[in-house]
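The lines below spell out each chain.
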Amino acid sequence: MGNCCSDVGGGMTAVGVGTSTSITTVNQNEAVDCFLKSRGIHGLFSQIELSFSATNLRDRDVFSKSDPMLVVYIKERDGAITEVFRTEVVLNSLNPTWITKYTITYQFEVVQTLLFHVFDVDTQFHNAEVKMLKLEEQQSLGEASCALSEIVTKPNRSLTLDLVRREESVRSTHSQHLGKLTVHAEECFSSKTTAEMTLKCLDLESKDLFSKSDPFLVISKFVESGISIPVCKTEVLKNDLNPTWKPVFLNIQHVGSKDSPLMIECFNFNSNGKHDLIGKVQKSLVDLEKLHSGREGENLFLPTVVGHDYQNKVLKSKLFVEKFSETVQHTFLDYLAGGFELNFMVAIDFTASNGNPRLPDSLHYIDPSGRLNAYQKAIYEVGEVLQFYDADQRFPAWGFGARPIDGPVSHCFNLNGSSNYCEVEGIRGIMMAYTSALSNVSLAGPTLFGHVINRAALIASQSLANDARKYFVLLIITDGVVTDLQETKEALVIASDLPLSILIVGVGGADFKEMEILDADKGERLESLTGRVASRDIVQFVPFRDVHSGEISIVQALLAELPTQFLTYMQSRDIKPST
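Keep in mind that this is a model prediction, so the values were computed, not measured.

A. Layout of unusual backbone geometry. Along the chain, G445 connects to P446 via a cis peptide bond; the corresponding omega equals 0 degrees. In this structure, P446 sits in the loop between β24 (441–443) and α9 (450–465). Look at R295: it is not a glycine, yet its phi comes out positive at around 50 degrees. As for its position among the elements, R295 is in the loop between α5 (285–294) and β17 (297–306). The phi torsion at D467 lies on the positive side, around 60 degrees, for a residue other than glycine.

The following block contains the structure:
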């Protein structure tokens, strides 16, 4: 079988054995989104290649140096640990640089905890394949762990970790020195290559009885099993049989390659989610580029039942490619490597509708057993993801809708009780300030968002004026429908021009239907009384109860769009990752 070892250069080197840019789409109709999700559409991703080296490992061999191999594990949220990768063995080295690299899909909205374990492989196993080695028969040289976010947020994307024994990693602050492990991340370059296309159709068939069709396109790739998976969609254009859609962006790595076949389907939008297929074509990116250069159209076809078989009926409707270009897009990870940060802020609803905090049925009840209430869960689950992207981990934290001691009702007060500063230290600091505030304020009302949004916007505006490389994320947690809806819209329209995104979590049993107006994914773009339209969608709203009991976590539901909102802002201002 294949040899798993290398002794080139005395063991100093080894011979191995053996992105993406967001897909920019316009989400104008909830029914379209549900339709796509039911067919397996996924959000932003990037492929990350991890390489490994170690220094000053312990020497476990008597007559030579150790022969190290690195094993990588992933730790799930439930604590389960799964082995995912092994390097080759480097012979006779205490400072190995492994050649074999591990590729992992980076997910912004998830804390991806990695565990690393270095083993000294016994001489008798040097001719075995690494995947066949029994780890219990090898000697441990040390362990380390980190979140993938900790690696990619470093300016050089390299993180050096101390290797410790397993028992020391949890119970000792003075672990025995076992060497260091350096992990370096590189984003796969192909994940940055994006094809931009402007598509139009002519002579579409009308599917509606009393009006023209409301067409949109869905572009899908084919997987090995032969089924198609949606990767991109256009906006819906109402009453238009000759539509020209806004540009779509296709990540070339995501679709496979430029030669990979794509299915482009044109649907007539129906609000019940049962969209009518108008017609479709199957083309690769190479084919679409040829249509553009030749200024030619491609006839749509429609599968039609003939007897017991399907035949493709060619339609007079045609698809045209008005624009086709390829660019290397800057990715979210490029901006992190360029020194950009995400700064976390939180605002908590202290209105009386939450119930008396001293009673167990209150949404603000602090359980003596340590069980978190809905507010605490939202803070922790969002905060544990975002904290890695904030260098100093000092977070502005506010409350609203309460009456501080001997004062009037405040719709934006510092959660820490200070009249001078609003920041607290870390997620633990937010939790402590929240608990303390419950004892120092009287719940009141009404539910007003405008004040806290304006406060967050002021901080973002000041940062922008100072050319700071910061993007701000405000988490608002509330139990009720906002009562200053128009004032909130006005604040959001202004804030849409700033480096700011707003995540809203609705807790409790209220009807949050009106809140979805603030989320442009589920309605029209926000507009002020003066007719000024929000420059981009900066709000994500999720009712906590909708996702807490299912497989999709509140964090994933809330944070999935954040990298796209970040990139949209940077691109709209032509801000590059590095100067």
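Let's pick the thread back up.
B. Just the sheet that holds strand β6 (residues 102–106), in detail. Pairing is antiparallel across the open sheet formed by 4 strands, whose spatial order is β6-β2-β10-β9. The open sheet is flanked by β6 and β9 (158–162), the only strands paired with a single partner. Here the average twist between neighbouring strands, direction ignored, is 30 degrees. Pairing of β9 with strand β10 (residues 180–187), which is carried by 5 bridges, proceeds in the antiparallel orientation.

C. Expanded view of the packing of aromatic side chains. What the rule picks out here adds up to 19 aromatic pairs. Following the ring pairs from residue to residue traces out a cluster consisting of F108, F332, Y335, F340, Y389, Y471, F566 and Y569. The ring of F320 is capped by K200, whose NZ or CZ atom sits 5.5 Å from the centre of that ring.

D. How the structure looks around the sheet that holds strand β8 (residues 139–147). Pairing is antiparallel in the open sheet, where 4 strands are placed in the order β4-β3-β7-β8. On the outer flanks of this sheet lie β4 (81–86) and β8, each paired with one strand and no other. The sheet shows a mean angle of 25 degrees between the axes of neighbouring strands, taken without regard to direction. The pairing of strand β3 (residues 68–75) with strand β7 (residues 113–120) spans 8 bridges and is antiparallel. Among the inter-strand pairings, K75 is bridged to a residue of β7, identified as T113.

E. Region of the structure containing the pattern of salt bridges. Applying the stated criterion across every chain yields a total of 15 salt bridges. With a closest N to O distance of 2.8 Å, K258 and E289 form a salt bridge. Separated by 31 residues along the polypeptide, K258 in the loop between α4 (252–255) and β15 (262–268) and E289 in helix α5 bring together distant segments of the chain. By relative accessible area, K258 is classed as partly exposed at 22%. One salt bridge connects E425 with R394, and the closest N-O pair in it is separated by 2.4 Å. Linking E425 in strand β23 (residues 423–425) with R394 in strand β20 (residues 394–400), this pair joins segments that are 31 residues apart in sequence. Linked through salt bridges whose partners overlap, the residues forming this network are R157, E187 and D334.

F. Focus on empty space enclosed by the protein. What the largest cavity holds in volume is close to 50 Å³. Across the lining of the largest cavity, the residue classes break down as 7 nonpolar, 1 polar and 3 charged.

G. Structural detail: the packing of α9 against helix α10 (residues 485–495). Relative orientation of the contacting elements α9 and α10 amounts to 15 degrees, with a least axis distance of 9 Å. Our classification of the angle between α9 and α10 gives roughly parallel. Regarding α9 and α10, the two cross each other, and that crossing is left-handed. On α10, the residues touching G450, I453, N454 and A457 of α9 are T488, A491, L492 and A495. Grouping the constituent residues of the contact of α9 with α10 by class yields 5 nonpolar, 3 polar and no charged.

H. Looking closely at α10. Burial in α10 covers these residues: T488, K489, A491, L492, V493 and A495. For α10, the elements touching its buried residues are α9, β26 (500–506) and β27 (539–543).

I. Broad picture of the packing of helix α7 (residues 374–386) against helix α8 (residues 426–440). With their axes 10 Å apart at the nearest point, α7 and α8 run at an angle of 165 degrees to one another. Of the possible angle classes, the one that applies to α7 and α8 is roughly antiparallel. α7 and α8 meet at a crossing whose hand is right-handed. Contacts between α7 and α8 pair Y375, Q376, I379, Y380 and G383 from the former with I427, I430, M431, Y434 and T435 from the latter. Looking at the contact of α7 with α8 residue by residue, the classes come out as 7 nonpolar, 3 polar and no charged.

About the cut-offs
Residues numbered from 1 in each chain as written. Predicted model: local features only at pLDDT ≥ 70, side-chain atom pairs only at ≥ 80, totals over all residues. Heavy atoms only, no water. Helix = DSSP H or I, 4+ residues; strand = E, 2+ residues; numbered from the N terminus. Pairing = 2+ DSSP bridges. Axes fitted to C-alpha atoms, helices over the stretch in contact; angles between N-to-C directions. Phe/Tyr/Trp six-rings, centres within 6.5 Å; stacked < 30°, edge-to-face > 60°. Lys NZ or Arg CZ within 6 Å of the ring centre and 35° of its normal. Salt bridge = Lys/Arg side-chain N within 4 Å of Asp/Glu carboxyl O. Buried < 20%, exposed > 50% of the residue type's maximum accessible area, 1.4 Å probe, protein only. 1 Å grid on protein atoms, 1.4 Å probe; cavity = no way out; pocket = protein on both sides within 12 Å on 5 of 7 lines; lining within 4 Å. Points joined across faces, edges and corners; volume = space filled by probe spheres on them. Nonpolar A, V, L, I, M, F, W, Y, C, P; charged D, E, K, R; others polar. Parallel < 35°, antiparallel > 145°, perpendicular 65-115°, else oblique. Left-handed = near helix turned anticlockwise from the far one by under 90°. Contact = heavy atoms within 4.5 Å.

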